[in-house]
Amino acid sequence: MWKLKKQLSMLLVLTLLLGAVCLLSGCVGKARPYIGDFHSVFVDSQTDDNTISFTLSIRKDHTFVLYKDNGYRTREYSGSWKSYTNENQMQLLCLIEEGYSWNSEHPNAWHPYFSLIFLDDGTLMATPGTTTSKTYGVQTAFGSGYLMITLVLFEKD
């Protein structure tokens, strides 16, 4: 009986020790670098005055808010994010659920989305998913038609 208690005690100690090592090494909360506020430092757009900018707020509760400022109007989009990890590199998929208006004929035809991943220099790269419409041409989470934006780089505030 004493031997069984000793083995169970050792198993409990090893479990706690492994949990502490995992917590300190980052096994838990891998999305932590993504949590926070970011501002765009590069926007791939075809405007002469470079007035388009974005602000992104990623929250712990798996939600985000994206603000687009084109110099005369600010738009707000919000939604939820999911994560994917491959070989210790995490990528987020952000699904816009509020603030985006497709068009009056097909209001729920498409929910814009974009992917986020950290580059080696610490900037956050955002690439949008795309769809097409006979009315508006190409649509992305960051713009449409001739202002279609295919890449945004963010830095943490």
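Since we're looking at a predicted model, the values are computed, not measured.

Trainee: Give me the overall build of the protein chain: which residues, what numbers.
Mentor: On a plain count of helices and strands, the protein chain comes out with 1 helix and 10 strands. Listing every helix and strand of the protein chain by position from the N terminus yields α-β-β-β-β-β-β-β-β-β-β. Put simply, the protein chain has 157 residues, and 32% of those count as buried. Considering only residue pairs separated by 6 or more positions, the protein chain has 42% of its internal contacts joining residues 24 or more positions apart. Summed over its atoms, the accessible surface of the protein chain is roughly 10,400 Å², and 55% of this surface lies on carbon and sulfur atoms.

Trainee: Could you give an account of the sheet that holds strand E10 (residues 152-156), naming the residues involved and the relevant values?
Mentor: The strand order around the closed barrel built from 8 strands is E1-E2-E3-E4-E5-E6-E7-E10, with neighbouring strands paired in antiparallel fashion. If you compare each strand with its neighbour and ignore which way they point, the axes differ by 30° on average. As paired strands, strand E7 (residues 124-128) and E10 are joined by 3 bridges and run antiparallel to one another. From the neighbouring strand, Met125 faces E10, where its bridge partner is Leu153.

Trainee: Can you tell me about the packing of aromatic side chains, naming the residues and giving the values?
Mentor: The tally for this structure, following the rule as stated, stands at 6 aromatic pairs. Both rings, one in Tyr34 and one in Phe118, keep their centres 4.8 Å apart while their planes meet at 50°; by these two values the pair is tilted. Highlighted residues: Tyr34 in the loop between helix H1 (2-25) and strand E1 (36-43) and Phe118 in strand E6 (residues 113-118), separated in sequence by 84 residues. For Tyr34, a relative accessible area of 2% translates into the label buried. With a centroid separation of 5.3 Å and an interplanar angle of 45°, the aromatic rings of Phe114 and Phe142 are classed as tilted. Of the two residues, Phe114 sits in strand E6 while Phe142 sits in the loop between strand E9 (137-140) and E10, which places them 28 residues apart along the sequence. Given a relative accessible area of 1%, Phe142 falls into the buried group. Among the aromatic side chains, those forming a connected cluster through ring pairs are Phe54, Phe64, Phe114 and Phe142.

Trainee: I'd like a rundown of the pairing of E1, residues and numbers included.
Mentor: As judged from the 4 bridges shared by E1 and strand E2 (residues 53-58), these two strands associate in the antiparallel manner. Bridge assignment links Gly36 to a residue of E2, and that residue is Ile58. Bridge count between E1 and E10: 5 bridges; the pairing is antiparallel. For His39, the partnering residue across the bridge sits in E10 and is Glu155.

Trainee: Outline the confidence of the model for the protein chain, supporting the account with residue identities and numerical values.
Mentor: In this model, the protein chain carries an average pLDDT of 79, and 68% of its residues clear a pLDDT of 70 or more. Confidence drops under a pLDDT of 50 for residues 18-28, and excluding neighbours within four residues, the segment shows 3 contacts in the predicted structure.

Trainee: Can you explain the nonpolar core? Please cite residues and give values.
Mentor: With 25 residues, the main nonpolar core has Phe54, Leu56, Ile58, Leu66, Phe114, Leu116 and Phe154 as its most contacted residues. Those elements that provide at least two residues to this core are E1, E2, strand E3 (63-69), strand E4 (74-86), strand E5 (89-98), E6, E7 and E10. In contact with Phe154, not counting residues within four places along its chain, are Phe38, His39, Ser40, Val41, Phe54, Thr55, Leu56, Leu66, Thr123, Leu124 and Ala126.

Trainee: Kindly report on unusual backbone geometry, identifying the contributing residues and their values.
Mentor: The phi dihedral of His62 is positive, around 65°, even though this residue is not glycine. Its place among the elements puts His62 in the loop between E2 and E3. For His62, a relative accessible area of 38% gives the class partly exposed. Positive phi, normally seen in glycine, also occurs at Glu87, with a value near 50°. Tracing the sequence through the fold places Glu87 in the loop between E4 and E5.

About the criteria used
- Residues numbered from 1 in each chain as written.
- Predicted model: local features only at pLDDT ≥ 70, side-chain atom pairs only at ≥ 80, totals over all residues.
- Heavy atoms only, no water.
- Helix = DSSP H or I, 4+ residues; strand = E, 2+ residues; numbered from the N terminus.
- Buried < 20%, exposed > 50% of the residue type's maximum accessible area, 1.4 Å probe, protein only.
- Contact = heavy atoms within 4.5 Å.
- Areas by Shrake-Rupley, 256 points an atom, 1.4 Å probe, with all protein chains shown as cover.
- Pairing = 2+ DSSP bridges.
- Axes fitted to C-alpha atoms, helices over the stretch in contact; angles between N-to-C directions.
- Phe/Tyr/Trp six-rings, centres within 6.5 Å; stacked < 30°, edge-to-face > 60°.
- pLDDT = per-residue confidence, 0-100.
- Core = buried A, V, L, I, M, F, W, Y, C linked by side-chain atoms within 4.5 Å.

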